[in-house]
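Survey of secondary and tertiary structure
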Amino acid sequence: MPVVGISHSARGYLIVSVLETMKTYSSEDGLTEEALVAKLRTCRYHHLFLNTSLRHNSSGTCRWGEYGEGGLLWGECNARHFEWFEGDPVTELLIKVRELYGLDDGVVFRNVTVLSENRPCPLHLGTATQIGVIPTEGIPCLLKVLLPSSCAGLPVLYIRDLLLNPPAYEIASTIQATCKLMSNVTCSIPEFTCVSSAKLVKLLELREANHIEFCRIKNVLDEILHMYRSSELCEILKSLMDPTWVATGLKVDFETLVNECEWAYGRIHEMISVDDEIDRKLSSCSVIPSEFFEDMECLWKGRVKRVHIEEEFAEVGRAAQALSLAVTEDFLPIISRIKATTAPLGGPKGEILYAREHEAVWFKGKRFAPSIWAGTPGEEQIKQLKPAIDSKGRKVGEEWFTTIKVEDALMRYHDASDRAKAKVLELLRGLSAELQSKINILVFAAMLLVIAKALFAHVSEGRRRKWVFPTLCRFNKLKDAKSLDGANRMKLIGLSPYWLEAAEGSAVQNTVDMQSLVLLTGPNGGGKSSLLRSICASALLGICGFMMPAESAVIPHFDSIMLHMKSYDSPADGKSSFQMEMSEIRSLITGASSRSLVLVDEICRGTETAKGTCIAGSIVETLDKIGCLGIVSTHLHGIFDLPLDTKNAEYKAMATEYVDGQTKPTWRLIDGICRESLAFETAKREGIPETIIQRAEDLYFSAYAEEVSPERVEERKKVSYSGGILNSSHEAHIPPRGTTAGALDHNTNSGKVEVIERKDVESAITIICQRKLIELYKQKSTSELLAVQCVTIGAREQPPPSTIGASCVYVMLRPDKRLYVGVTDDLEGRVRAHRSKEGMHNASFLYFIVQGKSIACQLETLLINQLPNKGFKLTNVADGKHRNFGTTNLSLESMPVH
């Protein structure tokens, strides 16, 4: 966790983050108060330091947070432990870090700050919470719909940080292009081993990396090289270089990455043992419990390859043989004597046992000493026994015994084992020292795989939800220029709320064409808040390079996206809800530019109507003069009677219709003004007593008799929308109430055997299925058909996103050399389910995609019935009887293999 320092500068707020583990620091200046609080809310830091510059706010007082700017930040910091510091924020904070961790003054921290001149402003706290980037109770969580539920940990953190800190246009375009490549990949993809960069650095620095961590590092390097060697994945690997640079602050050349990964992989592969039986073969002896050797030797065997510890390995083997001989000579005759003695009750007992607590093999028995010494077999060995003692010289118990010879053999064995463990530890520490020189490459590679996993997971989920890639464009540099390609315009066609499954028909869609500021009206429950929340999330996803919930979209690369919704009071700050709203609006207006997206929901709701309406009108004028794109929604209909000085503002509304004697919202965005609030209907629907509703209507008609005449009431009943212009749009924003929201190491011999067997299975599948496809399509030759193209999913690999929603026939190659044939529309989920079963985690698969579930089921049954005829053993032969097709024996002799 970093040490964080905060200060105030002429540009705004400055946050400095120092990672002692990585010996790096980064700084970000020009932040707004809301953006800074959002960062603190999502940052787990070790220590928090506040610069004394924060004590002097815009009100000119030294009592920080008393008036104006600074109250929100003070409220966030006051609930945490922090310390004050003076002087230059970066220099003094680094001094504080050296003091905290006891570092020498000569320790240098590297600046990994990535310049963000063209980068959009970080998300404000209110915006982040209102669309669920920061999980908030009652708010649909954007993170949960961007990634599959199976994706967790570091990839989720990367996506969250990217949403909170949107990238520059070039990086966003690169991320989108990478996601498009991922969407079209047809080959299997790695599992993408995720390793924490900070943990990696710490383990190598302290020389504490064990063989498991080295195996994980090896997997990281192996997956990088696997992508490099694949024609499809290599382009993705190249395109991930810049996003990884932004995430790590490390600028690494592509060729350098590949070459250094090959060196590091080769070094680990040369040293570390991976599931090699020769390296982990344990000593064994028929008279010594196997658990003894397992406990003693599993601590160091199988860590490094035997060739590096051959001498120690051999010495432990010789010591184990000597121990076995001592136990055989000293204990076994006693055991034989006891077995030869027959007594109905209370006879002698004895056995050779492993005393785990004392790491020893001893004899345990009672009543085995003869009453008369007659020189019979075993007596001599009984005389040699002595009580067993622990490491502190205390007697273990009345029934535990040993001999001098056995104790000497045990001591020799333990000494040999200790020397072997020390040698293994020395080799692992030496490898840590070697790899530390390549730490930047390892950190870069680890982060690249985290990003790759996050983006592949996002593309898979986006395809499942039938989301699209928007067209991302730059803003025109000329302020008054009208772009022919829509660069100063946002158009969302078929927009759906991000938290609803549009692919399942649970949400109808809306079209939003925004070229200026929009003043939005509509009834309660009409979809205004949902529309603003959906537009905000879609725009944010677009400028980050992600897929978004629409049929098509054009999104300009905004310099900031700001959403203001409901405000609550803050008793700790002594502020009412209207004060809090005005504080947020102040920040919003201050940060807005002609390239911003500003969304304000139900402006000035917390104060008296007349003055609130005038404040709202003035804010609308200000935003119109700024020239930003945005929506301001309101129930203050008096705003339309004000002499507003606006040039570009448009009026839009959420429509209503009159059905069965009741006015109901349609959730459709249309042109015009809606003065219908549906307040009485909403109150009634939420359970307010009928008597209260009736009295409210009487009061309303008596107080506003002039505005709402009987003729106007009748007119309102006849039309589905009053005060505006209806169109024939059928888009709806939200539905009615009640809708709820193993290894890539291909150099091993075992891998070669697997490839040969896999090719045999692939050949048989191709022959069987190609002939059936010819029959189904009634074709005369295979040239008119798509050939059956089997794709391999090896151990530690997974299907590509292109299989999402596609009908796939697959064959699982089990470790027991048997096959399982299946069909699915969710290949990634089915592979994960199979591998979750005991002993199946390294299972590999073959699959091919066909058009339609019906054909897939026929081919599945055909394979189940005919693969056994080719000499393959199946685990689900009985499934071939479940359907009435595909059971005939076809003549397959003359079919070519594709």
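Residues numbered from 1 in each chain as written. Predicted model: local features only at pLDDT ≥ 70, side-chain atom pairs only at ≥ 80, totals over all residues. Heavy atoms only, no water.

1. Focus: unusual backbone geometry
Phi is positive for Arg-207, which is not a glycine, with a value near 60°. Taking relative accessible area as the criterion, Arg-207 reaches 30% and is therefore assigned partly exposed. Residues other than glycine seldom take positive phi values, yet Lys-466 does so here, at roughly 60°. Residue position: Lys-466 is located in the loop between helix H19 (439-465) and strand E12 (471-473). (Buried < 20%, exposed > 50% of the residue type's maximum accessible area, 1.4 Å probe, protein only. Helix = DSSP H or I, 4+ residues; strand = E, 2+ residues; numbered from the N terminus.)

2. Topic: the packing of aromatic side chains
Applying the stated rule across the entire model yields 17 aromatic pairs. Centre to centre, the rings of Phe-82 and Trp-84 are 5.6 Å apart; their planes meet at 85°, and the pair counts as edge-to-face. Using a relative accessible area of 28% as the deciding quantity, one classes Trp-84 as partly exposed. Relative to Phe-456, the ring of Phe-192 has its centre 5.4 Å away and its plane inclined at 25°; by these criteria the two rings are stacked. Of this pair, Phe-192 sits in the loop between strand E7 (189-190) and helix H8 (197-205) while Phe-456 sits in helix H19; the two residues are 264 residues apart in sequence, bridging distant segments of the chain. Cluster of aromatic residues (ring-pair linked, three or more members): Phe-292, Phe-293, Tyr-354 and Tyr-413. Over the ring of Trp-245 we find Lys-251; its NZ or CZ atom is 4.1 Å from the centre of that ring. (Phe/Tyr/Trp six-rings, centres within 6.5 Å; stacked < 30°, edge-to-face > 60°. Lys NZ or Arg CZ within 6 Å of the ring centre and 35° of its normal.)

3. Looking at the sheet that holds strand E20 (residues 650-659)
An order of E17-E18-E19-E15-E20-E21 is seen for the 6 strands of this open sheet, with the pairing classed as mixed. Looking at which strands have only one partner, the edges of the open sheet turn out to be strand E17 (560-564) and strand E21 (662-671). Each adjacent strand pair in this sheet contributes to an overall mean axis angle of 15°, direction not counted. The pairing of E20 with E21 spans 7 bridges and is antiparallel. Paired with Glu-657 across the strands is Lys-664, a residue of E21. Sitting on the sheet, helix H20 (residues 528-543) is in contact with strand E15 (517-521), E17, strand E18 (596-600), strand E19 (629-633), E20 and E21, with an inclination near 160° to E17. Here helix H22 (residues 609-626) sits on the sheet and contacts E15, E18 and E19; the angle it forms with E15, its principal contact strand, is near 150°. (Pairing = 2+ DSSP bridges. Axes fitted to C-alpha atoms, helices over the stretch in contact; angles between N-to-C directions. Contact = heavy atoms within 4.5 Å.)

4. Regarding the environment of Glu-407
For Glu-407, the position within the fold is in helix H18 (residues 404-436). Sequence-wise, Glu-407 and Ala-360 are 47 residues apart; in three dimensions their C-alpha atoms are separated by 8.6 Å. Look past the residues within four positions of Glu-407 in its chain and what remains in contact with it is Trp-362, Lys-386 and Thr-402. At 2.9 Å, the side chain of Glu-407 and the side chain of Thr-402 are in polar contact. (Polar contact = N/O pair within 3.5 Å; in protein donor to acceptor, adjacent residues only side chain to side chain.)

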